[in-house]
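Geometric and topological summary
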Amino acid sequence: MIRKMGIRYILLNKRLFRKYSFLLILCLVPLLVAGMRLAAQEESGLMRVALYVEDPGEELTAGILEKLADRRGVLHFIRCSSAQEARDMVAEFQADAAWIIPGDLQEKLQNVARNRRMEGVVTVVEREDNVFLAFTREILNNALYPAFSYMVTEDFILQEVGLSDVPARELRQAYEKWLVEGSLFQQVYLDGSYMEEEEYNYLQAPLRGLQAVWLALCGFAASLYFMEDERKGMFDRIPVSRRLWAAYGVHGVMLLDGVIVLLVACYLAGVYTVWFRELICALVFAGCVLAFCNLIRLLCRIPERLGTCIMILVLAMLVLCPVFVSVGNLRLLGHLLPPFYYLQSIHSDYYLWGMAGYTGILLALCKALQIWQGRRAQP
């Protein structure tokens, strides 16, 4: 039996590799990973900021620029020779925002700390306000806050407490003694493992989600191939009661090839975790995709209708599953789609078992729908 299954797998694979559409689908992931890796090597950022520094040699300004340099994975800075040039870049859509750092930055911060009244010290120029620009302003505030915090503390101790005779060096040492080293928060996955510092560029972060949607697309392509062959009469010798198993075989061959490509792509993309966990999650996910695509195939019944549904479902997977962002209130709808379980199962046994249970429900629905359609087709 194993030998017979191996022969069928080889023959079906040979037939698949003669389809140009199948080869094109297989090439999508390697091209995507290669493109992301090339983009990650380039100097890139989520937002482009035109930066003008009036006095780069000032000690406080130099320290702030050093902190901002650590954010180059998120922000792409464009150095300008004048404040007007920075403003013009925003107006001409060459930059998303402009930051103009004055030469008397330290004096301005000290005045704000002394007056206890929040005032702007860095000029920020933006065409509009959105979530991403608000995020960039938080980064700027984060760079300015340590210096501002010390100035507030220093002014309070010298003026309010009356310790004006304390040397500046001792005051600085006392302040730094109570500073918190590192992050206040520790990110933990659902399985209890700690999240290490990200080692890949932010452009590579959604690659696993895109690959999960791609494997679902492979399943839909297998459904179309099966429906095309069924229309040609290639499965007429197989009884209708057993034809669902033939569909599982066609889907299984294509999805097994897809799993191999998926695992290799995750490794090359730098989002690979532990090989055993990756293999188990990918195989269960392939079974879930197999059951899901066959259920949609049985519901659509004709290739034209299925083709329309594929576009809607792929878009839904990109939006409702945590491929790019978590959708919050729409999270419940994501439970109806296989990629949601796969993306969560990498670090959660709960979702791994949930994906297995969801697969069982889909298989039962496929069988019930096939029986119902078979009875309706009988004269």
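Before reading further, recall that the structure is shown in the block above.
Residues numbered from 1 in each chain as written. Predicted model: local features only at pLDDT ≥ 70, side-chain atom pairs only at ≥ 80, totals over all residues. Heavy atoms only, no water.

All right, on to the overall build of the protein then. If you tally the helices and strands in the protein, you get 14 helices and four strands. Across the 379 residues of the protein, 41% fall into the buried class. Taking the intrachain contacts of the protein between residues at least 6 apart in sequence as the baseline, contacts between residues at least 24 apart amount to 74%. By element, 60% of the accessible surface of the protein is carried by carbon and sulfur atoms, the whole surface being about 22,600 Å². (Helix = DSSP H or I, 4+ residues; strand = E, 2+ residues; numbered from the N terminus. Buried < 20%, exposed > 50% of the residue type's maximum accessible area, 1.4 Å probe, protein only. Contact = heavy atoms within 4.5 Å. Areas by Shrake-Rupley, 256 points an atom, 1.4 Å probe, with all protein chains shown as cover.)

Okay, the pattern of salt bridges next. Applying the stated criterion across every chain yields a total of eight salt bridges. Put simply, Arg48 and Asp96 hold a salt bridge, and the shortest N to O gap is 3.7 Å. Here Arg48, found in strand S1 (residues 47-53), pairs with Asp96, found in the loop between helix H4 (83-91) and strand S3 (97-101); they are 48 residues apart in sequence, far enough to count as distant. Using a relative accessible area of 34% as the deciding quantity, one classes Arg48 as partly exposed. Residue classification places Asp96 among the buried positions, given a relative accessible area of 17%. (Salt bridge = Lys/Arg side-chain N within 4 Å of Asp/Glu carboxyl O.)

A few words on the packing of helix H9 (residues 243-269) against helix H10 (residues 275-300). Where H9 meets H10, the axes come as close as 9 Å, and the angle between the chain directions of the two elements is 140°. One way to sum up the angle between H9 and H10 is to call them oblique. In the packing of H9 onto H10, the handedness of the crossing is right-handed. Across the interface between the two elements, Leu244, Ala247, Tyr248, His251, Gly252, Leu255, Val259, Leu262 and Leu263 of H9 pack against Glu278, Leu279, Ala282, Leu283, Ala286, Val289, Leu290, Cys293, Asn294, Arg297 and Leu298 of H10. Its residues assigned to classes, the contact of H9 with H10 comprises 15 nonpolar, three polar and two charged. (Axes fitted to C-alpha atoms, helices over the stretch in contact; angles between N-to-C directions. Parallel < 35°, antiparallel > 145°, perpendicular 65-115°, else oblique. Left-handed = near helix turned anticlockwise from the far one by under 90°. Nonpolar A, V, L, I, M, F, W, Y, C, P; charged D, E, K, R; others polar.)

Looking now at the sheet that holds S1. Read from one edge of the open sheet, four strands run S2-S1-S3-S4, paired in mixed fashion. Strands at the two margins of the open sheet, each flanked by one partner only, are strand S2 (75-79) and strand S4 (123-126). Neighbour-to-neighbour, the strand axes of the sheet open up by a mean angle of 25°, direction not taken into account. Pairing geometry for S3 and S4, over four bridges, is antiparallel. In the sheet register, Ile100 faces S4, and the bridge partner there is Thr123. Relative to S3, H4 is tilted by about 165°, and along the sheet it contacts S1, S2, S3 and S4. (Pairing = 2+ DSSP bridges.)

Here the focus is a nonpolar patch on the surface. Together, Leu256, Ile260, Val264, Tyr267, Leu268 and Leu283 give the surface a local cluster of nonpolar side chains, amounting to about 570 Å² of exposed area. When you line up the elements, Leu268 lands in helix H9. (Patch = residues over 30% accessible without salt bridge, like charges linked within 9 Å, V, L, I, M, F, W, Y side chains within 5 Å.)

For the pair helix H8 (residues 207-231) and helix H11 (residues 303-320), interaxial distance at closest approach is 11 Å and the crossing angle is 175°. By the angle between their axes, H8 is roughly antiparallel relative to H11. Across from Leu210, Val213, Ala216, Leu217, Phe220, Ser223, Leu224, Met227 and Arg231 in H8, the residues of H11 making contact are Pro303, Glu304, Leu306, Gly307, Ile310, Leu313, Val314, Met317 and Leu318. Across the contact of H8 with H11, the residue classes tally to 14 nonpolar, two polar and two charged.

Before going further, it helps to examine the pairing of S1. Where burial is concerned, most of S1 is hidden: six out of the seven residues are buried. Sheet topology note: the S1/S2 ladder contains five bridges and is parallel. By the bridge assignment for S2, Met47 is matched with Leu75. Bridging between S1 and S3 involves five bridges; their strand directions are parallel. By the bridge assignment, Tyr52 is partnered in S3 with Ile100.

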